[in-house]
Amino acid sequence: MAKAKRLVVLVSGSGTNLQALLDAVASQGPDAYGAEIVAVGADRDGIAGLERAERAGLPTFVRRVKDYGTREEWDAALAGATGAYAPDLVVSAGFMKIVGKEFLARFGGRFVNTHPALLPSFPGAHGVRDALAYGAKVTGCTVHFVDDGVDTGPIIAQGVVEVRNEDYEDEGAALHERIKEVERKLLVDVVGRLARNGYRIEGRKVVIQ
Ligand code: GRF
């Protein structure tokens, strides 16, 4: 069996996607799953995502934009902190910041994001709300590689969720929860397959071997 790949996971919030990855590694074992989480990074303190990492005994790091003079300095600091753990793959699991040039120069082509809409529809920070406001009847989630646009990188996998009439009553909160159920499974599946099988990015097409 090949050696487990090293993952750094970046979070900004509740970290349920991180938890799904932690649970998959714990239940299957790093070798069978193909990957292990070696550190968790965040752009803010005091979030449940960091607590989940600490409970799992993982090292964490926080790099806050406001602690740096420029966005470029923050980006370089985030890239340095991430690179210190020598990851094979970096996963943005609800990490709500756009990374910059240096981070992409170091981790481009191995930086995976999960987005709560069917890209290229509804990119950006409000994918669930925007799909609802548009009146879409289906939405879902997209796991993709990150490029220098906002949610524009090559798509790895997508999951579909139907919109219900009652989703308009709570501004998409229940819809987002249904999307996240699909999203967690998709992310665990995709990260495991990328790690175990290897992959190629051919233009916009991602081929998992
Ligand atoms: C996910 O739906 C992700 O796509 C979005 O924020 C949510 C993060 O959830 N950007 P969690 O922190 O993993 O629970």
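The residue numbering used here restarts from 1 in each chain and proceeds along that chain's sequence as written. Residues qualify for local features only when their pLDDT is at least 70, as the model is predicted, and side-chain atom pairs are given and counted only at 80 or more; totals for whole chains, interfaces and linings, by contrast, use all residues. Side-chain figures throughout are based on the complete set of non-hydrogen atoms in the structure, without hydrogens or water.

What follows deals with the packing of helix α1 (residues 16-28) against helix α7 (residues 173-197). The packing of two helices is summarised by the inter-axis angle and the distance between the axes. Where α1 meets α7, the closest approach of the two axes is 9 Å, and the angle between their N-to-C directions is 45 degrees. It follows that α1 is oblique to α7 by the angle criterion. Two packed elements cross with a definite hand, and for α1 against α7 that hand is right-handed. On α7, the residues that touch T16, N17, A20, L21 and A24 of α1 are K180, E183, R184, L187, V188 and V191. By the convention adopted, Pro, Cys, Tyr, Trp, Phe, Met, Ile, Leu, Val and Ala count as nonpolar, Lys, Arg, Asp and Glu as charged, and the other residues, Gly among them, as polar. Among the residues making up the contact of α1 with α7, the classes are represented as six nonpolar, two polar and three charged. Angular values range over 0 to 180 degrees, each being the angle between N-to-C directions of two axes fitted as lines to C-alpha atoms, with helices fitted over their stretch in contact. In this text, helices come from DSSP runs of H or I with a minimum length of four residues, and strands from runs of E with a minimum of two, each type numbered from the N-terminal end. With respect to orientation, any angle under 35 degrees is reported as roughly parallel, any angle over 145 as roughly antiparallel, any angle of 65 to 115 as roughly perpendicular, and every other angle as oblique. Crossing handedness is defined as follows: a turn of the near helix away from the far one that is anticlockwise and smaller than a right angle gives a left-handed crossing, while the clockwise case is right-handed. Here, two residues are considered to be in contact whenever any of their heavy atoms come within 4.5 Å of each other.

Turning our eyes to something else, we now look at the packing of α1 against helix α3 (residues 48-55). Following both chains from N to C, one finds α1 and α3 inclined at 20 degrees, their axes separated by 9 Å at the closest point. In this view, α1 runs roughly parallel relative to α3, as classed from their interaxial angle. Between α1 and α3 lies a crossing of right-handed hand. Across the interface between the two elements, T16, L18, Q19 and L22 of α1 pack against G49, R52 and A53 of α3. Its residues assigned to classes, the contact of α1 with α3 comprises three nonpolar, three polar and one charged.

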